[in-house]
Amino acid sequence: MSLLDVAPIIEQMLLISENVSDLNFSTGQKPQVEISGTLYPASPLGLGTLTSFQTEMIAMSLLRDNSEAASQLARLGTADLSWSLPARCRFRVNIFQQRGSFSIVMRVIPHEIPSFESLRVPPQLKDVCELRNGLVLLTGPTGSGKSSTLAAVIDQINNTKSYHIVTIEDPIEFLHSHKKSTINQREVGSDTKDFASALRAALRQAPKVILVGEMRDLETAEIALEAAETGHLVLSTLHTIDASKTVDRIIGLYPKNEEKIIRTRLAQTFRYIVSQRLIPKGDGKGRIAAVEIMKSNPRTREYIEKGESDGKTLLDAIRDGGIDGMQDFDSVIRDFIQKELVTLEDGLSYATNKNNLLLQLK
C-alpha cells in the first residue's frame, strides 16, 4: 500500500450504505464502517485484517498535507484534523496511538447542511435563531448529532438574519457559505492556537453570533460566559447527558469559592440547554433523535442559582414546562414507543428513569 491510495479505499467503504456515519481502521481488525451505531467489517479493495504497517500508511496518507496535525500526533499521541474526499464528503478525523500502532476513526460530514426538518428535531428549536444574546448549550455523548443540530441553527440564522457569525471549531465540520449573514469559520490548530484565544479575539470582531465547538476548560467557559453577558449569542457543546449534569460540569470548572457567583451568572445568561440521544429506529433504518429541551424561565433560573433540592430539580422544571416548549427525555421516548418509532427495549435503554417510564407505559 503506497501513501497515495487511501481515497479509493474510503470511497469503496462509503458505497456499503448511505447511512455510514464512521469509518474505523484498527490493527488486527478488518476496516469497519459504522451504520446506525453498529460496526460492520468491510474489505475495500480486498483489504483484509489490517497490519500495523497498513494503519500507519493510512494515517500518514491522511496527514500528508497537514504538518500541524502530524506534529500534534508526534507530540501527544493523538491528532484531530479534517480531511475531504473531493466532490463527495468531508471527514472529522482522529488518529491515535494504541499499543504501539495507529488507529484511525473518521466521522462522515455530509456536504449538505442539514435542516431542522431533515433532522426531525423539535420545531421549537427554531426559537434559538431569534435570540439576541445569551448562552445556548447543546449536550450529549459523542456521536449524538450535536454538530448537525448546531449546523442547522447556524444555517437558519444565515438564511434569515444579516449578522456577522464567527465559528471556532476543532476541526471545522460543516462548511457554511455566506447567505444573508457573513460567516467566518476558524479552525483550531491552523487558524488559531486554541479555543480561548480565538474566542477572546472574536469579541473584537464584532460578531452577533459566536459558535464555540466545545467548552473544554475553565478559560473557554469564562470567555464564553463573558461574551454572552456582553450581548452576543454564544452557541456551544458539552459532553454531558442532561441539563443538570451540564450545569454541574460548568460550575465544576470553577474554584469552589466562586460557586455562588457562577450560579448567578449562569442562571442569568443561559437561554437553552438542549440534550440529545440518538436511538435506533424500530424499523432498523437509521436512528431518531430524542431531544430534551430546558429553557430559561423563572423556575429554571432559580434552580440553577440556588441549587437543586428534593422536589426542586431541573428535571421537575422541564417536566412542568411544556407550555414554554420544554420537554424531557422520558416523555419524548414514551411518545416514540407508543408511535412504534422505536422498540420498547431500545426506548427503555436510553431512558433517564427506566422504571418510571415502564410504569407510565403500563
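Preceding this section is the structure that the text describes.
Residues numbered from 1 in each chain as written. Predicted model: local features only at pLDDT ≥ 70, side-chain atom pairs only at ≥ 80, totals over all residues. Heavy atoms only, no water.

## Here we look at the sheet that holds strand β13 (residues 287-295)
Part 1: Strand order in the open sheet made by the 7 strands is β9-β8-β10-β11-β7-β12-β13, with mixed pairing throughout. Each having just a single partner strand, β9 (182-187) and β13 make up the two edges of the open sheet. Going across the sheet, the axis of each strand differs from the next one's by a mean of 15°, ignoring polarity.
Part 2: Sheet topology note: the strand β8 (residues 164-169)/β9 ladder contains 6 bridges and is parallel. In the strand pairing of β9, I165 is matched with I183.
Part 3: Packing of helix α12 (residues 329-338) onto the sheet brings it into contact with β12 (270-280) and β13, and relative to β13 it is tilted by some 145°. (Pairing = 2+ DSSP bridges. Helix = DSSP H or I, 4+ residues; strand = E, 2+ residues; numbered from the N terminus. Axes fitted to C-alpha atoms, helices over the stretch in contact; angles between N-to-C directions. Contact = heavy atoms within 4.5 Å.)

## Focus: the pairing of β13
Part 1: Across the 9 residues of β13, 7 count as buried, placing the element largely inside the fold.
Part 2: Of the strand pairs in this sheet, β12 and β13 are connected by 9 bridges, and their pairing is antiparallel. From the neighbouring strand, S275 faces β13, where its bridge partner is E292. (Buried < 20%, exposed > 50% of the residue type's maximum accessible area, 1.4 Å probe, protein only.)

## Quick notes on the layout of surface pockets
Part 1: If you add up the space inside the second largest pocket, you get close to 390 Å³.
Part 2: Listed by contribution, the elements that provide at least two residues to the lining of the second largest pocket are α3 (67-76), β4 (78-85), α6 (195-202) and α7 (218-229).
Part 3: At 5 residues, α3 tops the list of elements feeding residues into the lining of the second largest pocket.
Part 4: In terms of residue class, the lining of the second largest pocket is made up of 7 nonpolar, 6 polar and 10 charged. (1 Å grid on protein atoms, 1.4 Å probe; cavity = no way out; pocket = protein on both sides within 12 Å on 5 of 7 lines; lining within 4 Å. Points joined across faces, edges and corners; volume = space filled by probe spheres on them. Nonpolar A, V, L, I, M, F, W, Y, C, P; charged D, E, K, R; others polar.)

## Some words on the pattern of salt bridges
Part 1: Inspection of the entire model under this criterion finds 17 salt bridges.
Part 2: The partner of E117 in a salt bridge is K126, with the nearest N and O atoms 3.0 Å apart.
Part 3: Exposure remark for K126: the relative accessible area of 31% places this residue in the partly exposed category.
Part 4: Two residues, K179 and D155, come together in a salt bridge whose shortest N-O distance is 2.6 Å. Residue K179 is found in the loop between β8 and β9, and its partner D155 is found in helix α5 (residues 146-160); the two are separated by 24 residues along the sequence.
Part 5: Here the salt bridges share partners, and the residues they tie into one network are D170, E214 and R216. (Salt bridge = Lys/Arg side-chain N within 4 Å of Asp/Glu carboxyl O.)

## Things to note about the environment of E68
Part 1: Within the secondary structure layout, E68 lies in helix α3.
Part 2: Here E68 falls in the partly exposed class, since its relative accessible area comes to 42%.
Part 3: In the structure, E68 is positioned 11 residues away from A79 in sequence and 9.0 Å away in space, judged by C-alpha atoms.

## With respect to the nonpolar core
Part 1: Grouped together as the largest cluster of nonpolar side chains are 38 residues, with contacts concentrated most on I168, L266, M294 and I304.
Part 2: At 6 residues, α7 tops the list of elements feeding residues into this core.
Part 3: Not counting chain neighbours up to four residues away, the residues in contact with M294 comprise A243, F270, R271, Y272, I273, T300, I304, L314, I318 and M326.
Part 4: Core analysis: the next-biggest nonpolar cluster, separate from the first, contains 31 residues, A42, L47, F102 and V108 among them. (Core = buried A, V, L, I, M, F, W, Y, C linked by side-chain atoms within 4.5 Å.)

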